[in-house]
Amino acid sequence: MVYTFLGPEGTFTEAALLQVPGAEEAVRIPSSSVNAALEMVRSGHANAAVVPIENSVEGGVSATLDAISVGQPLRILREILVPITFVLAVRPGMELADIRRVSTHSHAWAQCRNWAEANIPQAEYIPSSSTAAAAVGLTDGDSGFDAAICAPLVAARLGLNVIARGIGDYAEAVTRFILVSLPGLLPEPTGADKTTVVIPLPEDRPGALMEILEHFTARGVNLSRIESRPTGAFLGDYFFSIDADGHVFDARVADALKGLHRVSPGLRFLGSYPRADYRRPEVLPHTSDQAFEAADQWLESLING
């Protein structure tokens, strides 16, 4: 089994991958970007990829939301939650007052900005492609910065000098990652599942979004995430990335998706998979599978007399 993940080694994404059963013994290949990781799966060079999709502080990860919404179809097999803890690593001999430039990923900086303003207000922020890349850069004398905000895992692996731990502004910060592969058999429903879809807005007119949402509302399907993203075709052209509670094998979810496909034939199904928090959705009596089955039997009795 070959896995790829948003690298380099030591990122929170690798920590997420290591939660996948069997991944520790499998081949793990870091990719330079979300697009590169997904392309490895699409080309057959990897069986699956782990990429970030949502952060409890910064919201959706746009690079992932966009990349899985176009191109060759992919399927989400599972989600993984990773608590996010940051450390401040520096070059040998450096103290907080000596730091002039600090590097990290933009999402990490957003989660540590208040700490940085209070403790290293003199430091200039230098963006990096990942927290691990910033840490690796710190080992290079020509990197142009003298501190990095990164994960404890990569700091330990590189033997960096850590002078501050737990520097995040949000103690309960969590990032959600997804395991993605080519389409195949869907994970069996567990009763605590999530379904992810991408729905293009058929036309920009009053009530267009409401028409989409009504398909979920009428069937009692709760949405745990909904985000709009530009298609890139022209200004004002958007699609919606949605997480719905339930599995496509659930009658209420299946019926909602059928209705949505009539409204937006470009709907893209990205998968039904177990929730990482095991939370079961509240199902109203009239939207249960039994209620749908009873309605089907009632209609059949009318047709057949």
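Residues numbered from 1 in each chain as written. Predicted model: local features only at pLDDT ≥ 70, side-chain atom pairs only at ≥ 80, totals over all residues. Heavy atoms only, no water.

Quick notes on the sheet that holds strand 13 (residues 223-230)
Here's step 1: In space, the four strands of this open sheet follow the order 13-14-12-15, with antiparallel pairing throughout. The sheet terminates laterally at strand 13 and strand 15 (268-274), the two strands that pair on one side only. For this sheet, the mean angle separating the axes of adjacent strands, direction not counted, is 15 degrees.
Here's step 2: When strand 12 (residues 193-200) meets strand 15, the two strands line up antiparallel, connected through six bridges. Considered in strand 15, the bridge of valine 197 is made with phenylalanine 269.
Here's step 3: The strands touched by helix 8 (residues 251-263) within the sheet are strand 12, strand 14 (238-245) and strand 15, with strand 12 carrying the most contacts at an inclination of about 5 degrees. (Pairing = 2+ DSSP bridges. Helix = DSSP H or I, 4+ residues; strand = E, 2+ residues; numbered from the N terminus. Axes fitted to C-alpha atoms, helices over the stretch in contact; angles between N-to-C directions. Contact = heavy atoms within 4.5 Å.)

What about the UniProt feature "domain: ACT" (unreviewed entry) in the protein chain?
Here's step 1: As recorded in UniProt, the feature "domain: ACT" (unreviewed entry) lies at residues 197-274.
Here's step 2: A helix fraction of 29% and a strand fraction of 35% characterise residues 197-274, whose end C-alpha atoms lie 15 Å from each other. (UniProt positions renumbered as here; feature names shortened; annotations may be inferred.)

A short note on the UniProt feature "domain: Prephenate dehydratase" (unreviewed entry) in the protein chain
Here's step 1: If you check UniProt for "domain: Prephenate dehydratase" (unreviewed entry), the listed places come out as residues 2-182 in our numbering.
Here's step 2: Split by type, residues 2-182 is 28% helix and 32% strand. Its first and last C-alpha atoms lie 13 Å apart.

Some remarks on helix 7 (residues 208-217)
Residues spaced three or four apart along an α-helix face the same direction, because each turn holds 3.6 residues.
Here's step 1: For helix 7, the set of buried residues is Ala208, Ile212, His215 and Phe216. Projected onto a plane normal to the axis of helix 7, the buried residues spread over an arc of 105 degrees and lie on a single side.
Here's step 2: Where helix 7 is buried, its residues contact strand 12, strand 13, strand 14 and helix 8. (Buried < 20%, exposed > 50% of the residue type's maximum accessible area, 1.4 Å probe, protein only. Arc of directions from axis to C-beta.)

What to know about the sheet that holds strand 7 (residues 101-104)
Here's step 1: Read from one edge of the open sheet, five strands run 8-7-9-6-10, paired in mixed fashion. Both edges of this open sheet fall to strand 8 (124-127) and strand 10 (161-165), since each of them pairs with a single strand only. Between one strand axis and the next, the sheet turns by 30 degrees as a mean value, whatever way the strands run.
Here's step 2: Relative to strand 9 (residues 147-150), strand 7 runs parallel, the two being bridged by two bridges. Counterpart to serine 103 in the pairing with strand 9 is alanine 148.
Here's step 3: Lying over the sheet, helix 4 (residues 106-119) contacts strand 6 (87-90), strand 7, strand 8, strand 9 and strand 10, oriented at roughly 135 degrees with respect to strand 7.

Section: the nonpolar core
Here's step 1: Membership of the largest hydrophobic core comes to 34 residues, with the highest contact counts inside it found for Tyr3, Phe86, Leu88, Ile99, Val102, Ile149 and Ile167.
Here's step 2: Breaking this core down by element, the ones donating at least two residues are strand 1 (2-6), helix 1 (12-17), strand 3 (48-55), strand 5 (75-83), strand 6, helix 4, strand 9 and strand 11 (174-181).
Here's step 3: Ranked by the residues each element gives to this core, the list is headed by helix 4, at five residues.
Here's step 4: Other than its neighbours up to four places away in sequence, isoleucine 167 contacts Phe86, Val87, Leu88, Cys112, Trp115 and Ile149. (Core = buried A, V, L, I, M, F, W, Y, C linked by side-chain atoms within 4.5 Å.)

Observations concerning the pattern of salt bridges
Here's step 1: Scanning the entire structure with this criterion turns up 16 salt bridges.
Here's step 2: Taking the shortest distance from any N to any O, the salt bridge between arginine 176 and aspartate 243 comes out at 2.7 Å. With arginine 176 in strand 11 and aspartate 243 in strand 14, this pair connects stretches of sequence that are 67 residues apart.
Here's step 3: Accessibility expressed as a relative area gives 1% for aspartate 243, which makes it buried.
Here's step 4: A salt bridge links arginine 275 to aspartate 277; its shortest N-O distance comes to 2.8 Å. (Salt bridge = Lys/Arg side-chain N within 4 Å of Asp/Glu carboxyl O.)

What about the layout of surface pockets?
With a probe scaled to a water molecule rolled over the atoms, the places where space remains empty come into view.
Here's step 1: Approximately 460 Å³ is the volume found for the largest pocket.
Here's step 2: Along the wall of the largest pocket there are 24 residues; nearest its centre are Leu6, Pro52, Val61, His105 and His107.
Here's step 3: When contributions to the lining of the largest pocket are tallied by element, the ones reaching two or more residues are helix 1, strand 3, helix 3 (62-67), helix 4 and strand 11.
Here's step 4: Counting residues per element, the lining of the largest pocket draws most heavily on helix 4, at three residues.
Here's step 5: In terms of residue class, the lining of the largest pocket is built from ten nonpolar, 14 polar and no charged. (1 Å grid on protein atoms, 1.4 Å probe; cavity = no way out; pocket = protein on both sides within 12 Å on 5 of 7 lines; lining within 4 Å. Points joined across faces, edges and corners; volume = space filled by probe spheres on them. Nonpolar A, V, L, I, M, F, W, Y, C, P; charged D, E, K, R; others polar.)

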